[in-house]
Amino acid sequence: MEKRWELLCDTDRDTINNLSQSLEIPTVIARILVQRGFTTSESASAFFHPDRAALHDPFQLDGMNEAVERIAKALQNRERIFIYGDYDVDGITSVSLLYLFFRDLGGDVRYYIPNRQNEGYGISIKGIECAKEEGAQLIITVDCGITSVEEVNRSNELGLDIIISDHHQPGPETPNALAVINPKLTTHDYPFKELAGVGVAYKLAQGVCRHMELDPNYLDRYLDLVAVGTAADIVPLVDENRIFVRLGLKKINADPLVGIRTLIETANLRFGQIDVNHIIYGLAPRINAVGRLGSADSAVELMITQDTPRALHLAQILERENRYRKEIDTHTLDEALQQVHEYFDPVRDRAIVLAKENWHSGVIGIVASRLIERYYRPTVMITVEEGIGKGSARSIPGFDIYGALQEVSELLDQFGGHTYAAGLSLKAEQISEFRRRLNQVADERLSDDDLVPKLKIDSELDLQDVNENLMQILKMFAPFGPNNPMPIFVSKNVALSGYPRIVGSNHLKFQVKRNGRVLDCIGFNLGDRISRLDPIRPTNHIVYTVEENDWGGTVSIQLRIKDVRGSDI
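For the structure given in this document, a descriptive report is provided here. (Residues numbered from 1 in each chain as written. Predicted model: local features only at pLDDT ≥ 70, side-chain atom pairs only at ≥ 80, totals over all residues. Heavy atoms only, no water.)

Running from N to C, helix 13 (residues 297-304) and helix 14 (residues 308-343) cross one another at 145°; their axes reach a closest spacing of 9 Å. In terms of crossing hand, the pair formed by helix 13 and helix 14 is left-handed. Here helix 13 contributes Ser-298, Ala-299, Glu-301 and Leu-302 to the contact with helix 14, which in turn contributes Arg-310, Ala-311, Leu-314, Ala-315, Ile-317 and Leu-318. (Axes fitted to C-alpha atoms, helices over the stretch in contact; angles between N-to-C directions. Helix = DSSP H or I, 4+ residues; strand = E, 2+ residues; numbered from the N terminus. Left-handed = near helix turned anticlockwise from the far one by under 90°. Contact = heavy atoms within 4.5 Å.)

Okay, the environment of Pro-397 next. Summarising the element assignment, Pro-397 is placed in the loop between strand 9 (388-394) and helix 16 (401-407). Sequence-wise, Pro-397 and Pro-378 are 19 residues apart; in three dimensions their C-alpha atoms are separated by 9.3 Å. When neighbours within four sequence positions are excluded, Pro-397 is seen to be in contact with Tyr-376 and Tyr-420.

Take unusual backbone geometry next. Both trends apply: most residues other than glycine have a negative phi, and most peptide bonds are in trans. Cis geometry marks the peptide bond from Ala-478 to Pro-479; its omega dihedral reads 5°. Mapping Pro-479 onto the fold places it in the loop between helix 18 (468-475) and strand 14 (489-496). Residues other than glycine seldom take positive phi values, yet Asp-239 does so here, at roughly 55°. Tracing the backbone through its elements, the reader meets Asp-239 in helix 10 (residues 239-254).

Across soluble globular proteins, nonpolar side chains have a tendency to be buried as a group. One finds Ile-71, Ile-83, Leu-98, Phe-101, Phe-102, Ile-140 and Ile-287 to be the most contacted residues of the largest nonpolar core, which totals 79 residues. Ranked by residues supplied to this core, first place goes to helix 5 (residues 89-104) with nine residues. When sequence neighbours within four positions are dropped, the list of residues in contact with Ile-140 reads Ile-71, Ile-81, Phe-82, Ile-83, Tyr-84, Leu-98, Phe-102, Ile-163 and Leu-204. Counting 39 residues, the second largest nonpolar core, distinct from the first, contains Leu-470, Phe-480, Leu-533 and Val-546. (Core = buried A, V, L, I, M, F, W, Y, C linked by side-chain atoms within 4.5 Å. Buried < 20%, exposed > 50% of the residue type's maximum accessible area, 1.4 Å probe, protein only.)

Bringing the environment of Thr-379 into the picture now. In this structure, Thr-379 sits in strand 8 (residues 379-385). Distance from Thr-379 to Ala-315, taken between C-alpha atoms, is 32 Å for residues 64 residues apart in sequence. Setting aside residues up to four positions removed in sequence, Thr-379 forms contacts with Ile-352, Ala-368, Leu-371, Ile-372, Ser-392, Ala-393 and Arg-394.

If you want it as structure tokens, here you go:
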């Protein structure tokens, strides 16, 4: 899909120059820092060196005092604590974090994750009643519960205290729980509202540590879980999230939990060099797989076990389930593409809504994301069973899918989620009208320009400035993710060294040269762009990120190509 190149506007040059001089960094780096809001040497230094000391006071969260006092009482009296979580990576790591934390403090703790196929997302009456049957006296939810008004009322009826910890958008009514902890609640002034569910769980544990006067570094032992859950949930990697992932990656690469180390090994990843991309594309799909296809209990057990042979057995289960999940993905995507050709008109439609009986509910969100990559439209995939449709929605920049669902809520039985991802359920007979109404909302909110994917470029860069010093400073921008992407550069009128070629499965490979220096370039899935490159004249424009390539133990600087153009395009 053709992308529009957008070079970010230059910011205040005096500020850039002052920052460059005070930190002794290249001007191009100072420009990117200022563009991202770091205008002083103090704020830039804090960005480059994230530290747990910058974490916010957990007691700024509404409900924290009540929650911590009740948990301390439960621990002191050996009451059974029931951790209730979601079946995705964020939920699984949240459950594992609090389970290990309370267990290590001597607590009597159990966990429960609903079966995606039988119970669906969030707290269920079945789960509440299971907690009662197992003798629980306190339920703590993680990564779910903020809209579970009826289920919390049932918990109260059964005499079970319940604490809600969640990060999803609150509904019109807040559940009547003993305490509700959610940074998105509008009644408090917590300074960072974009925590993942595992981040909220960490804040709860942090509050308990403060209350019990434990060493502030006590929670470091769980930071690998926090990093995995935060990175996998695709939340903005700024503020506390950036600290969690930066510190958590250090632990993953030095001394991870037994289960995470085993998962790294079975996924054939290189221990000691794990980054956010390895989490998102390597670890997370394997952790997610069991929850998508059935019970997520084996994923939790892997995260909490201290037995290496047991961890290997569980990791192999996740590996097998992930392979099976990929097969279902492929089949579902093929069927979805057939429907797109039948029902979707790119001129008429600004949203895609597809539905079919018995699509697997665990993969429709993945397929929706794949369709966005192809068509760049907000997409909803719905599986229908016994007259009820269960859907996963994904969106594009500029279109709040959760807000759109609010506008058509009278057609839905349930819905919830974020700006870019949401879940919903509705009666099958309402799907056609839902498709029409969602397209109507999209037509009102999305312009023609919104439907063209943008390639945002941080700065122009002369290839002669691509060197080891630049590479080392760029590493300090990591971890990369939403709101903190890897810096993207453009170089114009570049000369090629030799001829470009296509390697592997449609990957574009070539070399560029400048003042006698040659740099390797690789553009994944960009083989169709080869005709745009001129190997004779220095008229090539390239957009890229700068990375290290470790090949056979030899490390060199490489340009990861995002797009190419000739000067005449």
